[in-house]
Structure formats: structure tokens, C-alpha cells
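The primary structure of each chain is shown beneath.
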Amino acid sequence: QVQLVESGGGLVQAGGSLRLSCVASGSIFGINIMSWYRRAPGQQRELVASITNGGTTNYADSVKGRFTLSRDNAKNTTYLQMNSLNPEDSGVYYCYSVMRRAGEPYDHYWGQGTQVTVSS
């Protein structure tokens, strides 16, 4: 069974930094897109950043210049480096990936989420 596990969330002061990690595990044959979403309480998830298997990145306007998304294909891991955090960045951050098992088509998967709280 494939699984996404996030880590690195926590409480930081405004202006601080965090690095989130997402590790894909299981009998994974291929990983295409890996992304990070976030959701404030009572709100739906919104895309923060995504990266293709070719390394092409896409960022939400609100985080451009502050967040950097990367991936290590050998480790089946993606990293979201978040700098200059502000309270508006607070929320639950979710890892999302399009992956497939051997002999199976690509499907989409979600991690359980990790809390990011930025204090004033």
C-alpha cells in the first residue's frame, strides 16, 4: 500500500522558517506530480506549490519568493522550505501526489496533514 507522510510542522514566530517534508512509501513504481496544499479551519484545501517529475515548480502568488519546493526522487521525498512566514500562512498543510504501483495506472493520494502555526 502506498502512503504519504508529512513532517516538519510546528509553531513559529512571524518572520521565521520551517521546512516541511513528505515521504512517499510503499510499493511505488512511479511518482509524477508532488504538491503541497493548505487549509485554514472551515476552509477547503488550496494549492500552495507543486512540482513535476521534471522539476518544474508552480507556486501560489501568496507564497512566491518565500517558499521553495524541491524533490528528491531517489528518496521519494518532497521538501517545502518556508521562509518569512506570517500569520496568514497558518493552517494544516497536506502533501499530495500522483503516483502508481507497478502494473497499475496513476492515482492521487493525500497525506494526513501537518499543522503550521505562525504567531505574531
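Up top you'll find the structure we're talking about.
Trainee: I would appreciate a short explanation of the nonpolar core in the present structure.
Mentor: If you look at soluble globular proteins, the nonpolar side chains tend to sit buried side by side. Residues Trp-36, Val-48, Phe-67, Leu-80, Met-82 and Tyr-93 are the most contacted members of the largest nonpolar core, which totals 26 residues. Taken together, the elements giving at least two residues each to this core come down to strand E3 (18–25), strand E4 (28–39), strand E5 (46–51), strand E7 (67–72), strand E8 (77–82), strand E9 (91–101) and strand E11 (114–119). Once you skip the residues sitting within four places of it in the chain, Met-82 turns out to touch Gly-16, Ser-17, Leu-18, Leu-20, Arg-66, Phe-67, Tyr-93 and Val-116.

Trainee: Could you clarify how one ought to interpret the pattern of salt bridges in this entry?
Mentor: Opposite charge on two side chains lets them pair, provided their charged atoms get close. Applying the stated rule across the entire model yields three salt bridges. Across the pair Asp-61 and Lys-64 runs a salt bridge, and its minimum N-O distance is 3.2 Å. The exposure classification of Asp-61 matches that of Lys-64, with both residues exposed. Between Asp-89 and Arg-66 there is a salt bridge whose closest N-O contact spans 2.7 Å. Taken together, the residues span a long stretch of sequence, with Asp-89 in the loop between E8 and E9 and Arg-66 in the loop between strand E6 (57–59) and E7 at a distance of 23 residues. In this pair, the class of Asp-89 matches that of Arg-66, namely buried. Within this structure, Arg-38, Arg-66 and Asp-89 form a network of salt bridges that share partners.

Each value, and the rule that gives it
- Residues numbered from 1 in each chain as written.
- Predicted model: local features only at pLDDT ≥ 70, side-chain atom pairs only at ≥ 80, totals over all residues.
- Heavy atoms only, no water.
- Core = buried A, V, L, I, M, F, W, Y, C linked by side-chain atoms within 4.5 Å.
- Buried < 20%, exposed > 50% of the residue type's maximum accessible area, 1.4 Å probe, protein only.
- Helix = DSSP H or I, 4+ residues; strand = E, 2+ residues; numbered from the N terminus.
- Contact = heavy atoms within 4.5 Å.
- Salt bridge = Lys/Arg side-chain N within 4 Å of Asp/Glu carboxyl O.

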